[in-house]
Amino acid sequence: MTVPPADKPSEARTWLTSRGNSSLSDRAFRWLMLLCALSIFGIVALIATSLVQGSKLTLGLFGWKFFLSSGWDPINGNFGALPFIYGTLVTSAVSLVIAVPLAVGVAIFITEMCPKMLRGPLAFLTELLAAIPSVVYGLWGVFVLVPLLRQYVNPALMKTLGWTGLFQGPNLGIGMFAAGVILAIMILPIISSLTREVMIAVPYTQREAVLALGATRWEMIRMGVLRNARIGIVGSVILGLGRALGETMAVTMVIGNSAASISKSLLAPGYSMASVIANEFSEATSDTHTSALIEIGLALFIITILVNALARLLVWAVTRGAPPRVA
Amino acid sequence: MPNEYRVSTANRMRRMATNHLASGLAVLSTILVVAPLVAIFGYLLFKGASSLNLAFFTKTPAPEGATGGGMANAIVGSGILLAVASAIGVPVGIAAGIFLAEFGRGGKLANLVRFTADVLNGVPSIVMGIAMYALIVARQKHYSALAGGVALGIMMIPTITRTSEEMLLMVPHAIREAALGLGVPNWRSVLSITLRTASPGVITGCMLAFARIAGETAPLLFTALGSQFWSVDVNQPIAALPLQIYVYAASPYEDQIRQAWAGALVLIVLIVGAVSLVRYVTTRGVLKGAS
Amino acid sequence: MGVGIEVRNLNAWYGANHTLQDINLHIPANQATALIGPSGCGKSTFVRCLNRMHETNPIAKVTGSVRIGEIDIYSDASPVEIRRRIGMVFQRPNPFPTMSIYDNVASGLRLNGFRNRRVLDEVVERSLIHAALWDEVKGDLKKKSGASLSGGQQQRLCIARALAVDPEVLLMDEPASALDPVSTSKIEDLIFQLKAQYTIVIVTHNMQQAARVAERTGFFLNGKLVEFDSTHKIFTNPGDKRTEDYITGRFG
């Protein structure tokens, strides 16, 4: 085979020579991509300013007292957000108490114990749990979980732990405890999948080192894995907390939505910051009312930013170089 | 061997017992986690399937108190909202991912963008709802599908940005060099070579973001608002499946509760379908080319 | 037809690393020129300076002048235009994995906006024939992905892809180093044939390869061009002691 010599510039060459340089379109493209990246800053900034602007009225009217007083009386124009903050904190705390041990247990089971065959399907199942929408959790909560709690779980808790004062009063089913349980189910997948990632990131040599000392499997997990992964696990727990703090629909549907009083009993109905916004915002009676609700939103925004930032930093610290997947 | 170096039998028994106890607890917690999942899905299938009927897909809601009717308008409404959201979230998210992977490598700006995307991802959806109310609804002085779509679209951006970046970074450097070496303009090489090579992963990211917002309710409460009637106008309030489920869940009427379950089933099938499709496609390599 | 390359006072840096120092040489048209030297000597950097690929690394810097035919590539044109006139084949075969064989070969034209199907068909066939791959793949041009070929075939596909834009110069950066002996000899045959039409610059760490395919050979050491002469002279009667040490294997 021989290559015939070319006689004249080919059609292809003529075309390419005519294309000119692409510096203008390349620069435009680069700017466009930059613009889209910067739009993320823009969005966060817009959200922040619109919240501050919307809550100017009550920020000026009540100042810090807004978050420390508990009267919420839209009709007389008296607003204090304490019951909502309390409800949010209590339900989130309950959810963490339930979800953290379970999530870590699942992560340990999947990464260290379960047969390889089960690993994929189990991880997929927990992923599915994360894919169920909040409102469906709420629906299930109202019609399945709440009756279950009212009939079986709550009476048992009242009998055994009633003396703590945490499980007292009328057993309605709905209430802060129910909200906490629903939240626990919802944040479980986040915590367990991130914990799993962090545990996988622990080098295998760490495990071998502990096993070589004659440790049992549990001792290997505790000393070789959990100890090395603990910062990352804390990070994933805080990330779960961030989700729990802002969760709206499921909580609104089962928490009872009552700001009447701050109750020590978890069985009492309560109210969370997110659910008061969901319930009252579109029917706000006055500008002050709207402003007060937006201020609660602003507080929620700031808290979740802080919590998420903290969590990301912790998880990053462990899985250095390989930033965790977006949860 | 001196006696004190030997591990005592009691100690060994205790360690073994702890080992078994811990293993047992891990298994137990796995069961406790899988149980609600099975319970939720089982109940949903049972309740939803027995509540579904043709009218659900073809009729608009019946007047208050009357039985019958369906969620046809909510299904279409959700479709419109998701279309608006994807039209915003997908291009912006992918473009931001391209910036991070191709132009911003290791730079301070890129780190800041990444961090802000994570922050945005953590903003509670209800807060997104009131922010969009203040930014769009309050200015236009009416609720609209557009406002709801924008809220959902913004919520898609961080997930798509971060997964796109990760996937683009996985494209081997040699592929980029090949394109550059041919004298292909940079923009063309990024879009037609790098992005195309990474497309299975990028699509996965988009589907995950889509699945996440498809069930969102809170951001729609004060934007799309919901509606009992047919509407395809993006400037008007519009019905959405999750909103309708929320409203019906609190209804005193048996028939509306039935429809809430049916709606939940349809929503879940939609979302789980999207997630499983992604998993199937990415593990089976139907879309070849990603390394 | 190929054109000659005139390099004057070329210096290149990676960060603080002065990887090429005062390179001057003339690469004649329609011949194969081999560049040899131990790894890290700057020979790869040198070819990457000839089509401005060197500067795609953000810490890289270049001074001096390179004239290819009539134009000075560092002052008369943009990198994109330069790379369209100068084809490059890389060390590892790098076909576009999502594209079919046909699309791979057509990519240089298509991605620059060329749409004429009739001409594309012709160009793809001619390029594959020139790259000695046509007979092996003509049956499934659009069915098979470029990534599904064997390593040697992939490299010839990459050569076809480079030829499809009808370049004046073909740069080859150790094109056979990742291939088996049979594929290597195919590539060498190919270089022999392509000389008629293109100016070829080939970087190689394999001295026998240089002796087999090239009319002229340059020896690089520590960022300097030690000697540049006809291949015959370099391998039989080198003018520099260091060249002699290297080709007789007494190096280091």
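Residues numbered from 1 in each chain as written. Chains lettered and ligands numbered in written order. Predicted model: local features only at pLDDT ≥ 70, side-chain atom pairs only at ≥ 80, totals over all residues. Heavy atoms only, no water.

Per an unreviewed UniProt entry, chain C is named Phosphate ABC transporter ATP-binding protein, and its organism is Paracidobacterium acidisoli.

Labelled according to an unreviewed UniProt entry, chain B appears under the name Phosphate transport system permease protein PstA, originating from Paracidobacterium acidisoli. Turning to chain B, the UniProt annotation filed under Sequence similarities (unreviewed entry) states: "Belongs to the binding-protein-dependent transport system permease family. CysTW subfamily." Under the heading Subcellular location (unreviewed entry), UniProt records this for chain B: "Cell membrane". (UniProt positions renumbered as here; feature names shortened; annotations may be inferred.)

Chemist: I'd like a rundown of the overall build of chain B, residues and numbers included.
Modeler: Secondary structure summary: chain B contains 11 helices and zero strands in total. What you see in chain B, going N to C, is helices and strands ordered as α-α-α-α-α-α-α-α-α-α-α. Relative to its length of 291 residues, chain B is extended, with a C-alpha radius of gyration of 25 Å against a globular reference of 19 Å. With the C-alpha coordinates aligned to their principal axes, the bounding extent of chain B is approximately 90 × 65 × 40 Å. Within chain B, residue pairs in contact and separated by at least 24 positions form 75% of the contacts whose partners lie at least 6 positions apart. Total accessible area on chain B stands at roughly 11,900 Å², and carbon and sulfur atoms take up 67% of it. Charge separation in chain B, taken as the distance between the mean sites of 20 positive and 11 negative side-chain charges, equals 8 Å. (Helix = DSSP H or I, 4+ residues; strand = E, 2+ residues; numbered from the N terminus. Rg over C-alpha atoms; globule rule 2.2 N^0.38 Å. Contact = heavy atoms within 4.5 Å. Areas by Shrake-Rupley, 256 points an atom, 1.4 Å probe, with all protein chains shown as cover. Lys, Arg positive; Asp, Glu negative; His and termini not counted. Charge placed at Lys NZ, Arg CZ, Asp CG, Glu CD.)

Chemist: Quick one: what's the story with the side chain of T45 of chain C, residue by residue and with numbers?
Modeler: Here T45 of chain C lies in helix α1 (residues 43-50). For T45 of chain C, a relative accessible area of 9% translates into the label buried. (Buried < 20%, exposed > 50% of the residue type's maximum accessible area, 1.4 Å probe, protein only.)

Chemist: Describe the interface of chain B and chain A, and please don't skip the residues or the numbers.
Modeler: Across the contact, 82 residues belong to chain B and 79 residues belong to chain A. Between chain B and chain A lies a buried interface of about 7,100 Å² when both sides are counted; carbon and sulfur atoms form 81% of it. In this assembly, chain B and chain A are joined by one salt bridge. Close ionic contact of R15 of chain B with E219 of chain A constitutes a salt bridge, the shortest N to O distance being 2.7 Å. (Buried area = accessible area lost by both parts, 1.4 Å probe. Salt bridge = Lys/Arg side-chain N within 4 Å of Asp/Glu carboxyl O.)

Chemist: Residues and numbers for the domain arrangement of chain B, please.
Modeler: Residues and elements named next belong to chain B. Segmenting chain B into domains produces domain 1 (3-51) and domain 2 (58-284). Distance from the C-alpha centre of domain 1 to the C-alpha centre of domain 2: 36 Å. Of the roughly 700 Å² buried between domain 1 and domain 2 on both sides combined, carbon and sulfur atoms contribute 83%. Seen at the junction of domain 1 and domain 2, the total is zero salt bridges. One can count one residue pair in polar contact (both at pLDDT 80 or more) joining domain 1 with domain 2. Split by residue class, the side of domain 1 that touches domain 2 holds five nonpolar, two polar and one charged. (Domains from an automatic or database assignment. Polar contact = N/O pair within 3.5 Å; in protein donor to acceptor, adjacent residues only side chain to side chain. Nonpolar A, V, L, I, M, F, W, Y, C, P; charged D, E, K, R; others polar.)

Chemist: Outline the UniProt feature "transmembrane region" (unreviewed entry) in chain B, supporting the account with residue identities and numerical values.
Modeler: Residue and element names in this part refer to chain B. Per the UniProt record, the feature "transmembrane region" (unreviewed entry) sits at residues 21-46, 80-103, 115-136, 142-160 and 260-281. Between the C-alpha atoms that bound residues 21-46 the distance is 36 Å, and the span itself is 100% helix and 0% strand. Its end C-alpha atoms 31 Å apart, residues 260-281 is made of 100% helix and 0% strand.

Chemist: Give me the interface of chain A and chain C: which residues, what numbers.
Modeler: Taken together, the contact pairs 15 residues of chain A with 23 residues of chain C. Counting each side, the surface lost to burial between chain A and chain C is near 1,800 Å², with a carbon and sulfur contribution of 57%. Taken together, chain A and chain C are joined by zero salt bridges. The tally of links from chain A across to chain C stands at two residue pairs in polar contact (both at pLDDT 80 or more).

Chemist: Pulling in residues and values, what's your account of the pairing of strand β4 (residues 60-68) of chain C?
Modeler: Residue and element names in this part refer to chain C. Here strand β1 (residues 5-14) runs beside β4; their pairing, made up of eight bridges, is antiparallel. Residue pairing in the sheet places W13 in a bridge with K61 of β4. With two bridges joining them, β4 and strand β5 (residues 71-72) adopt antiparallel strand pairing. Along β5, the bridge assignment pairs I68 with I71. (Pairing = 2+ DSSP bridges.)

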